[in-house]
Amino acid sequence: ASVVRFNNICKSYTMDRVEVNALLDVSGEIARRETTFITGPSGSGKSTLLNIMGLIDQPTSGELIILDQDVTNLSDKAAADFRSEHIGFIFQSFNLIPVLTVGENVEFPLLRRIKSASKRREKAKQYLDAVGLADLFDRRPGEISGGQRQRVAIARALVTEPTLIIADEPTANLDSQTSREIIALLDHMKSEFDTSVVICTHDTSLITQGSATINIIDGRTA
Ligand code: ADP
Ligand code: ADP
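- Under the annotation held in an unreviewed UniProt entry, the protein chain carries the name Putative ABC transport system ATP-binding protein and is attributed to Litoreibacter janthinus.
- Reading the Sequence similarities (unreviewed entry) entry of the UniProt record for the protein chain gives the comment "Belongs to the ABC transporter superfamily. Macrolide exporter (TC 3.A.1.122) family."

Put into structure tokens, the structure is as follows:
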């Protein structure tokens, strides 16, 4: 079964009255409880596809189905609600809040969901433990390594128990050994937490054996 289906997606941007076609008729699907890699050279359209899949951006034409719901043309509000309910994001620059502790960063998405502070704390601890960082609860992002920051970001993405995790170049700022560890951790989460994982990377050496791959070149599936 697929959790995401995208059909005939086109996306163009107008820059200085010149039209840039970032995606030209891209179709595919993301299987449930699998890791799917989106690969391709820089500028090929990977981020554009992820942003559409994550309801951050809308396609110029085409159709997007997530969890059997047509989400192609949701209003901004409906898209934001759908996203917070079903999707967890991981970014290349981690996007942690520097003034909060590691634990508070992981608790952050729970603020509006869980009233009890002790329950939030317990959940954050559980997910930090899952990424191997339970001991760093009271540290701040500035005091830990890049690989550890990305683990915190993974815990924060997982804490709301999303159906879909979307990671846009999650290892771009990490050395190759740490990159492999982060990809292995994300890949492991699909079975551990019953989620689907989409990872965009230009580094094909990171693709896990047996995973699905969608290769984009010049805005088309290759
Ligand atoms: P990738 O993630 O593979 O590097 P992108 O999806 O970021 O590729 O970009 C695909 C193409 O679309 C590039 O030519 C890029 O410059 C262009 N593009 C992406 N976002 C915008 C935007 N907001 N405005 C104009 N052009 C954009
Ligand atoms: P990536 O490293 O994933 O390819 P980029 O650094 O190309 O991402 O783009 C980062 C952000 O800037 C994205 O949200 C993308 O849509 C936007 N962007 C990319 N290219 C352009 C462009 N030519 N003009 C305006 N925005 C762009």
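### As for the pattern of salt bridges
And then number 1: Per the counting criterion, the structure on display carries nine salt bridges.
And then number 2: Here Asp194 makes a salt bridge to Arg33, at a shortest N to O gap of 2.3 Å. Highlighted residues: Asp194 in the loop between helix 6 (176-192) and strand 8 (196-201) and Arg33 in the loop between strand 2 (18-31) and strand 3 (35-39), separated in sequence by 161 residues.
And then number 3: With a relative accessible area of 44%, Asp194 lands in the partly exposed category.
And then number 4: In this structure, Glu181 engages Arg151 in a salt bridge whose closest nitrogen and oxygen atoms are separated by 3.9 Å. On the criterion of sequence distance, the pair formed by Glu181 in helix 6 and Arg151 in helix 5 (residues 146-158) is long-range, its members being 30 residues apart.

### Section: the sheet that holds strand 1 (residues 2-15)
And then number 1: Strands sit in the order 2-1-4-5 across an open sheet of four strands; the sheet is antiparallel. Looking at which strands have only one partner, the edges of the open sheet turn out to be strand 2 and strand 5 (69-70).
And then number 2: Where strand 1 and strand 4 (residues 61-66) come together, five bridges link them in antiparallel fashion. Of the residues in strand 4, the one forming a bridge with Phe6 is Leu64.
And then number 3: The strands touched by helix 1 (residues 46-53) are strand 1, strand 2 and strand 4; relative to strand 1, the strand with the most contacts, the crossing angle is about 120°.

### A word on the site of ligand 1
And then number 1: Neighbouring ligand 1 are the residues Tyr13, Met15, Ala22, Pro41, Ser42, Gly43, Ser44, Gly45, Lys46, Ser47 and Thr48.
And then number 2: Within the contact set of ligand 1, a nitrogen atom lies 3.4 Å away from a side-chain nitrogen or oxygen of Tyr13.
And then number 3: At 3.0 Å from an oxygen atom of ligand 1 is found a main-chain nitrogen or oxygen belonging to Gly45.
And then number 4: Considered on its own, ligand 1 offers 560 Å² of accessible surface; in the complex 63% of this is hidden by protein.
And then number 5: Secondary structure elements with two or more residues in the shell around ligand 1: strand 1 and helix 1.
And then number 6: Sort the elements by how many residues they give to the shell around ligand 1 and helix 1 lands first, with three residues.
And then number 7: The residue makeup of the shell around ligand 1, split by class, is four nonpolar, six polar and one charged.

The rules behind the values
Residues numbered from 1 in each chain as written. Chains lettered and ligands numbered in written order. Predicted model: local features only at pLDDT ≥ 70, side-chain atom pairs only at ≥ 80, totals over all residues. Heavy atoms only, no water. UniProt positions renumbered as here; feature names shortened; annotations may be inferred. Salt bridge = Lys/Arg side-chain N within 4 Å of Asp/Glu carboxyl O. Helix = DSSP H or I, 4+ residues; strand = E, 2+ residues; numbered from the N terminus. Buried < 20%, exposed > 50% of the residue type's maximum accessible area, 1.4 Å probe, protein only. Pairing = 2+ DSSP bridges. Contact = heavy atoms within 4.5 Å. Axes fitted to C-alpha atoms, helices over the stretch in contact; angles between N-to-C directions. Near = heavy atom within 4 Å. Polar contact = N/O pair within 3.5 Å; in protein donor to acceptor, adjacent residues only side chain to side chain. Areas by Shrake-Rupley, 256 points an atom, 1.4 Å probe, with all protein chains shown as cover. Nonpolar A, V, L, I, M, F, W, Y, C, P; charged D, E, K, R; others polar.

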